Amino acid sequence: MEINKDNIEKKLRDAFEPTYLNIDDCSSGCGLKFDTIIVSKKFEGKQLLARQRLVNDLLKDEMTKIHAFTQKTYTPDEWEKKQEKAATNPECPIKSTSACTGNCGNCPK
Amino acid sequence: MSSAFLFRRVLQQCASRSPVSIIATRWSSSSTESQTAASLDPEFKKKIDDFVKSNKIAIFIKGEPNAPRCGFSNAVLQILNLHGCDFKSKNILEDEQLRQNMKNYSNWPTFPQVYFDGEFIGGCDILLGMHQSGELVDELKKIGIRSKLADVNNKNASTSN
(Lines give C-alpha, C1' and ligand atoms only; values in the text may rest on other atoms or scores of the structure.)
Protein backbone atom coordinates (compact mmCIF):
# COMPACT_ATOMS: atom_id res chain seq x y z
CA MET A 1 0.00 0.00 0.00
CA GLU A 2 1.29 3.44 -0.86
CA ILE A 3 2.49 5.48 2.07
CA ASN A 4 0.57 8.70 2.14
CA LYS A 5 -1.27 10.95 4.55
CA ASP A 6 -4.66 9.32 3.95
CA ASN A 7 -3.46 5.76 4.55
CA ILE A 8 -1.61 6.78 7.68
CA GLU A 9 -4.65 8.69 8.90
CA LYS A 10 -6.89 5.66 8.37
CA LYS A 11 -4.54 3.41 10.33
CA LEU A 12 -4.29 5.89 13.19
CA ARG A 13 -8.07 6.43 13.30
CA ASP A 14 -8.81 2.71 13.29
CA ALA A 15 -6.31 1.95 16.04
CA PHE A 16 -6.71 4.93 18.36
CA GLU A 17 -10.23 6.29 17.70
CA PRO A 18 -8.80 9.76 18.32
CA THR A 19 -10.88 12.67 19.55
CA TYR A 20 -8.49 14.87 17.57
CA LEU A 21 -6.03 13.94 14.88
CA ASN A 22 -3.85 16.15 12.75
CA ILE A 23 -1.34 14.97 10.18
CA ASP A 24 0.87 17.35 8.26
CA ASP A 25 2.54 15.93 5.19
CA CYS A 26 5.84 17.79 5.14
CA SER A 27 7.48 15.49 2.62
CA SER A 28 10.22 17.05 0.61
CA GLY A 29 13.14 16.23 -1.63
CA CYS A 30 14.78 14.14 1.05
CA GLY A 31 11.81 11.85 1.56
CA LEU A 32 8.51 11.24 3.26
CA LYS A 33 7.95 13.33 6.38
CA PHE A 34 4.84 13.46 8.54
CA ASP A 35 4.10 15.52 11.65
CA THR A 36 1.22 14.14 13.71
CA ILE A 37 -0.85 15.15 16.70
CA ILE A 38 -2.92 12.30 18.15
CA VAL A 39 -5.41 12.79 20.98
CA SER A 40 -6.87 9.54 22.25
CA LYS A 41 -8.31 7.97 25.38
CA LYS A 42 -6.17 4.94 24.60
CA PHE A 43 -3.13 6.90 25.81
CA GLU A 44 -4.52 7.24 29.32
CA GLY A 45 -2.31 5.70 31.96
CA LYS A 46 0.61 5.41 29.53
CA GLN A 47 3.89 7.26 29.66
CA LEU A 48 5.13 9.09 26.58
CA LEU A 49 7.47 6.29 25.57
CA ALA A 50 4.74 3.63 25.75
CA ARG A 51 2.42 5.84 23.67
CA GLN A 52 5.01 6.40 20.99
CA ARG A 53 5.90 2.71 20.88
CA LEU A 54 2.22 1.96 20.20
CA VAL A 55 2.26 4.33 17.26
CA ASN A 56 5.63 3.05 16.04
CA ASP A 57 4.41 -0.55 16.17
CA LEU A 58 1.26 0.34 14.25
CA LEU A 59 3.30 2.03 11.55
CA LYS A 60 6.19 -0.44 11.65
CA ASP A 61 6.23 -1.11 7.91
CA GLU A 62 5.76 2.53 6.95
CA MET A 63 8.56 3.59 9.30
CA THR A 64 11.12 1.70 7.27
CA LYS A 65 10.35 3.96 4.34
CA ILE A 66 9.50 7.25 6.03
CA HIS A 67 12.39 9.71 6.34
CA ALA A 68 11.08 11.56 9.38
CA PHE A 69 8.09 11.24 11.66
CA THR A 70 7.10 13.37 14.63
CA GLN A 71 4.28 12.50 16.97
CA LYS A 72 2.69 14.48 19.77
CA THR A 73 0.44 12.19 21.79
CA TYR A 74 -2.12 13.43 24.30
CA THR A 75 -5.04 12.11 26.28
CA PRO A 76 -8.26 14.15 25.80
CA ASP A 77 -7.72 15.78 29.24
CA GLU A 78 -4.14 16.76 28.47
CA TRP A 79 -5.19 18.21 25.12
CA GLU A 80 -7.99 20.24 26.68
CA LYS A 81 -5.63 21.65 29.32
CA LYS A 82 -3.14 22.53 26.61
CA GLN A 83 -5.80 24.38 24.60
CA GLU A 84 -6.89 26.31 27.69
CA LYS A 85 -3.32 27.24 28.46
CA ALA A 86 -2.81 28.50 24.91
CA ALA A 87 -5.99 30.57 25.17
CA THR A 88 -4.88 32.31 28.33
CA ASN A 89 -1.21 32.57 27.42
CA PRO A 90 -0.54 35.53 25.16
CA GLU A 91 2.93 34.25 24.33
CA CYS A 92 1.64 31.04 22.82
CA PRO A 93 4.44 28.45 22.66
CA ILE A 94 2.60 26.46 20.00
CA LYS A 95 2.28 29.30 17.51
CA SER A 96 5.61 28.78 15.82
CA THR A 97 5.48 24.99 15.73
CA SER A 98 3.90 22.40 13.49
CA ALA A 99 1.45 21.71 16.31
CA CYS A 100 -0.38 24.97 15.56
CA THR A 101 -3.70 24.18 13.91
CA GLY A 102 -4.31 27.82 13.09
CA ASN A 103 -7.88 27.65 14.27
CA CYS A 104 -7.89 27.81 18.05
CA GLY A 105 -9.15 31.36 17.51
CA ASN A 106 -6.64 33.13 19.71
CA CYS A 107 -4.40 34.71 17.14
CA PRO A 108 -5.70 37.58 15.04
CA LYS A 109 -5.59 36.62 11.36
CA MET B 1 19.19 35.20 25.64
CA SER B 2 16.21 33.91 27.65
CA SER B 3 15.54 30.23 27.83
CA ALA B 4 12.04 30.87 26.42
CA PHE B 5 13.61 32.44 23.34
CA LEU B 6 16.06 29.58 22.95
CA PHE B 7 13.25 27.10 23.37
CA ARG B 8 11.21 28.73 20.60
CA ARG B 9 14.27 28.53 18.37
CA VAL B 10 14.55 24.81 19.12
CA LEU B 11 10.90 24.28 18.17
CA GLN B 12 11.34 26.28 14.98
CA GLN B 13 14.32 24.22 14.02
CA CYS B 14 12.36 21.06 14.66
CA ALA B 15 9.73 22.23 12.20
CA SER B 16 12.23 23.62 9.76
CA ARG B 17 13.07 21.64 6.67
CA SER B 18 16.39 23.26 5.91
CA PRO B 19 18.60 21.24 8.30
CA VAL B 20 17.12 18.03 6.86
CA SER B 21 17.66 19.15 3.26
CA ILE B 22 21.38 19.63 3.93
CA ILE B 23 21.76 15.89 4.30
CA ALA B 24 19.48 15.01 1.39
CA THR B 25 22.21 13.66 -0.81
CA ARG B 26 24.28 12.13 1.96
CA TRP B 27 22.25 9.16 3.07
CA SER B 28 19.75 6.72 1.77
CA SER B 29 16.44 5.78 3.27
CA SER B 30 16.22 3.30 6.12
CA SER B 31 16.97 -0.31 5.44
CA THR B 32 13.98 -2.61 5.08
CA GLU B 33 15.90 -5.52 6.64
CA SER B 34 14.21 -6.79 9.72
CA GLN B 35 16.43 -8.18 12.44
CA THR B 36 15.15 -8.97 15.86
CA ALA B 37 16.80 -7.84 19.08
CA ALA B 38 17.58 -11.48 19.76
CA SER B 39 19.74 -11.68 16.67
CA LEU B 40 21.97 -8.78 17.76
CA ASP B 41 25.65 -9.66 17.74
CA PRO B 42 26.54 -10.29 21.43
CA GLU B 43 29.79 -8.36 21.09
CA PHE B 44 27.96 -5.34 19.67
CA LYS B 45 25.30 -5.60 22.36
CA LYS B 46 27.94 -5.61 25.09
CA LYS B 47 29.67 -2.57 23.58
CA ILE B 48 26.41 -0.59 23.54
CA ASP B 49 25.38 -1.87 27.01
CA ASP B 50 28.71 -0.55 28.33
CA PHE B 51 28.32 2.78 26.51
CA VAL B 52 24.81 3.54 27.73
CA LYS B 53 25.38 2.25 31.26
CA SER B 54 28.68 3.99 31.90
CA ASN B 55 27.39 7.41 30.91
CA LYS B 56 24.58 9.21 32.72
CA ILE B 57 23.37 10.60 29.41
CA ALA B 58 24.18 8.77 26.19
CA ILE B 59 22.75 9.85 22.85
CA PHE B 60 22.82 8.47 19.32
CA ILE B 61 22.54 11.28 16.82
CA LYS B 62 23.10 12.25 13.22
CA GLY B 63 26.30 14.23 13.21
CA GLU B 64 28.48 15.55 16.01
CA PRO B 65 27.44 17.69 19.00
CA ASN B 66 29.14 20.72 17.45
CA ALA B 67 27.87 19.89 13.95
CA PRO B 68 24.52 18.07 13.97
CA ARG B 69 23.26 16.92 10.55
CA CYS B 70 19.57 16.75 11.41
CA GLY B 71 17.01 19.11 12.92
CA PHE B 72 15.76 16.53 15.41
CA SER B 73 19.25 15.63 16.62
CA ASN B 74 19.96 19.35 16.90
CA ALA B 75 16.83 19.82 19.00
CA VAL B 76 17.98 17.14 21.47
CA LEU B 77 21.40 18.78 21.71
CA GLN B 78 19.87 22.20 22.31
CA ILE B 79 17.55 20.89 25.02
CA LEU B 80 20.41 19.12 26.81
CA ASN B 81 22.50 22.30 26.57
CA LEU B 82 19.63 24.41 27.94
CA HIS B 83 19.57 22.14 30.99
CA GLY B 84 23.36 22.26 31.26
CA CYS B 85 23.82 18.50 30.88
CA ASP B 86 27.02 16.68 30.06
CA PHE B 87 26.52 13.76 27.71
CA LYS B 88 28.35 11.33 25.44
CA SER B 89 27.22 10.91 21.85
CA LYS B 90 27.68 8.59 18.92
CA ASN B 91 27.31 9.68 15.32
CA ILE B 92 25.21 7.07 13.56
CA LEU B 93 25.94 8.60 10.16
CA GLU B 94 29.54 7.42 10.44
CA ASP B 95 28.72 3.80 11.15
CA GLU B 96 26.01 2.10 9.10
CA GLN B 97 26.18 -1.06 11.20
CA LEU B 98 25.66 0.96 14.38
CA ARG B 99 22.78 2.76 12.73
CA GLN B 100 20.93 -0.42 11.80
CA ASN B 101 21.75 -2.30 14.99
CA MET B 102 20.60 0.53 17.26
CA LYS B 103 17.12 0.31 15.74
CA ASN B 104 16.97 -3.25 17.04
CA TYR B 105 18.80 -2.64 20.29
CA SER B 106 16.43 0.19 21.26
CA ASN B 107 13.43 -1.26 19.40
CA TRP B 108 13.06 2.23 17.99
CA PRO B 109 13.05 3.03 14.28
CA THR B 110 14.49 6.53 14.23
CA PHE B 111 17.19 8.85 15.49
CA PRO B 112 18.05 10.63 17.70
CA GLN B 113 17.88 8.12 20.55
CA VAL B 114 18.41 9.20 24.15
CA TYR B 115 19.47 7.06 27.11
CA PHE B 116 19.53 8.13 30.79
CA ASP B 117 21.49 5.80 33.07
CA GLY B 118 21.26 2.95 30.59
CA GLU B 119 17.51 3.31 30.16
CA PHE B 120 15.99 4.27 26.82
CA ILE B 121 14.06 7.53 27.15
CA GLY B 122 12.96 8.10 23.57
CA GLY B 123 13.64 10.47 20.72
CA CYS B 124 13.29 14.17 20.04
CA ASP B 125 9.51 14.32 20.52
CA ILE B 126 9.70 12.71 23.93
CA LEU B 127 12.59 14.83 25.14
CA LEU B 128 10.80 17.93 23.90
CA GLY B 129 7.58 16.85 25.62
CA MET B 130 9.43 16.22 28.87
CA HIS B 131 11.18 19.59 28.60
CA GLN B 132 7.88 21.42 28.00
CA SER B 133 6.09 19.72 30.88
CA GLY B 134 8.95 20.25 33.32
CA GLU B 135 9.32 16.49 33.67
CA LEU B 136 12.85 16.58 32.28
CA VAL B 137 14.13 18.48 35.31
CA ASP B 138 12.77 15.70 37.54
CA GLU B 139 14.16 12.90 35.38
CA LEU B 140 17.60 14.53 35.42
CA LYS B 141 17.40 14.86 39.19
CA LYS B 142 16.74 11.10 39.41
CA ILE B 143 20.05 10.40 37.67
CA GLY B 144 21.91 12.88 39.82
CA ILE B 145 21.98 15.85 37.47
CA ARG B 146 20.78 19.22 38.63
CA SER B 147 19.28 21.02 35.66
CA LYS B 148 20.20 24.65 35.07
CA LEU B 149 16.48 25.22 34.67
CA ALA B 150 15.52 23.65 38.00
CA ASP B 151 15.04 27.05 39.63
CA VAL B 152 13.21 28.45 36.60
CA ASN B 153 10.78 25.54 36.84
CA ASN B 154 10.07 26.22 40.50
CA LYS B 155 9.51 29.90 39.85
CA ASN B 156 7.08 29.17 36.99
CA ALA B 157 5.18 26.58 39.00
CA SER B 158 4.53 29.02 41.81
CA THR B 159 3.33 31.84 39.56
CA SER B 160 1.26 30.00 36.93
CA ASN B 161 -2.55 29.62 37.12
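See the structure above.
Residues numbered from 1 in each chain as written. Chains lettered and ligands numbered in written order. Predicted model: local features only at pLDDT ≥ 70, side-chain atom pairs only at ≥ 80, totals over all residues. Heavy atoms only, no water.

Regarding the sheet that holds strand S6 (residues 119-122) of chain B
Residue and element names in this part refer to chain B. We apply this condition: The criterion for strand pairing is that DSSP finds at least two bridges linking the strands in question. Numbering of helices and strands runs from the N terminus; a helix is a DSSP stretch of H or I covering at least four residues, while a strand is a stretch of E covering at least two. Note on definitions: angles span 0 to 180 degrees between N-to-C directions of axes, and those axes are lines fitted to C-alpha atoms, for helices only across the stretch in contact. Any two residues whose heavy atoms approach within 4.5 Å at even a single point are treated as in contact.
With mixed pairing, 4 strands are arranged side by side in an open sheet as S4-S1-S5-S6. Of all strands in the sheet, those with a lone pairing partner are strand S4 (88-91) and S6, marking the two edges. On average, each strand axis in the sheet is inclined to that of its neighbour by 25°, with strand direction left out of account. Pairing between strand S1 (residues 57-61) and S4: 4 bridges, direction parallel. Residue pairing for S4: Ile61 is matched across the bridge by Asn91. Set on the sheet, helix H5 (residues 96-105) makes contact with S1, S4 and strand S5 (113-116); between it and S5 the angle comes to about 60°.

With respect to the pairing of strand S2 (residues 33-39) of chain A
All names here are of chain A. The criterion, for reference: Each residue is placed in one exposure class: buried if its accessible area under a 1.4 Å probe, protein chains only, is under 20% of its type's maximum, exposed if it is over 50%, and partly exposed if it falls in between.
Where burial is concerned, most of S2 is hidden: 7 out of the 7 residues are buried. Side chains of S2 alternate between two faces, with Lys33, Asp35, Ile37 and Val39 and Phe34, Thr36 and Ile38 buried alike. Bridge count between S2 and strand S3 (residues 68-74): 7 bridges; the pairing is parallel. When the bridges of S3 are listed, Asp35 appears paired with Thr70.

Focus on H5(B)
All names here are of chain B. Selection rule: Polar contact is the term for a pair of N or O atoms within 3.5 Å; when the atoms are in protein, one must be able to donate a hydrogen and the other to accept it, and sequence-neighboring residues count only if both atoms are side-chain atoms.
Taking burial as the measure, the 10 residues of H5 include 8 buried ones, the bulk of the element. Among the residues of H5, Leu98, Arg99, Gln100, Asn101, Met102, Lys103, Asn104 and Tyr105 are the ones counted as buried. Turning to H5, the residues buried within the fold contact helix H3 (42-53), S1, S4 and S5. One side-chain oxygen at the N-terminal end of H5 lies 3.1 Å from the backbone nitrogen of Gln97; it belongs to Asp95. The first or second residue beyond H5 is Asn107, which carries a positive phi of 50°.

Observations concerning the nonpolar core
Residue and element names in this part refer to chain B. How we decide: As used here, the term nonpolar core means buried Ala, Val, Leu, Ile, Met, Phe, Trp, Tyr and Cys residues forming a set that is joined through side-chain atoms within 4.5 Å.
Grouped together as the largest cluster of nonpolar side chains are 40 residues, with contacts concentrated most on Ile57, Phe60, Met102, Phe116 and Leu127. Secondary-structure elements contributing two or more residues to this core are H3, S1, helix H4 (71-82), H5, S5, S6, helix H6 (124-133) and helix H7 (135-142). Counting residues per element, this core draws most heavily on H4, which supplies 6 residues. For Leu127, the residues in contact, after removing those within four places along its chain, are Val76, Ile79, Leu80, Val114, Phe116, Ile121 and Leu136.

Observations concerning the packing of H3(B) against H5(B)
Residue and element names in this part refer to chain B. Our working rule: If an angle is under 35 degrees, it is roughly parallel; if it is over 145, roughly antiparallel; if it lies from 65 to 115, roughly perpendicular; otherwise it is oblique. Put simply, Ala, Val, Leu, Ile, Met, Phe, Trp, Tyr, Cys and Pro go in the nonpolar bin, Asp, Glu, Lys and Arg in the charged bin, and everything else, Gly too, in the polar bin.
Contact geometry of H3 with H5 gives a least axis separation of 11 Å together with a crossing angle of 75°. Taken together, the axes of H3 and H5 lie roughly perpendicular to each other. Facing Phe44, Lys45, Ile48, Asp49 and Val52 of H3, the residues of H5 in contact are Leu98, Asn101, Met102 and Tyr105. Across the contact of H3 with H5, the residue classes tally to 6 nonpolar, 1 polar and 2 charged.

Re the sheet that holds S3(A)
All names here are of chain A. One open sheet holds the 3 strands; their spatial order is S1-S2-S3, and the pairing between them is mixed. Looking at which strands have only one partner, the edges of the open sheet turn out to be strand S1 (20-25) and S3. Each strand axis lies, on average, 10° off the axis of its neighbour in the sheet, ignoring direction. The pairing of S1 with S2 spans 6 bridges and is classified as antiparallel. Paired with Asp24 across the bridge in S2 is Asp35. Along the sheet, helix H1 (residues 5-16) contacts S1 and S2; its crossing angle with S1, the most-contacted strand, is approximately 160°. Helix H4 (residues 76-88) contacts S1, S2 and S3 of the sheet and is inclined by roughly 95° relative to S3.

Remarks on the pattern of salt bridges
All names here are of chain B. To keep things clear, this is the line we draw: Between Lys or Arg on one side and Asp or Glu on the other, a salt bridge is scored when a side-chain nitrogen of the former is within 4 Å of a carboxyl oxygen of the latter.
Considering all chains together, one arrives at 11 salt bridges over all chains under this definition. With a shortest N-O distance of 2.9 Å, Lys142 and Glu139 are connected by a salt bridge. Separated by 3 residues within a single helix, Lys142 and Glu139 lie in helix H7, roughly one turn from each other. Taking relative accessible area as the criterion, Lys142 reaches 64% and is therefore assigned exposed. Overall, the relative accessible area of 17% leaves Glu139 in the buried class. Arg146 is the salt-bridge partner of Asp151, the closest N and O atoms lying 2.7 Å from each other. On the accessibility criterion, Asp151 (45% relative accessible area) is partly exposed.

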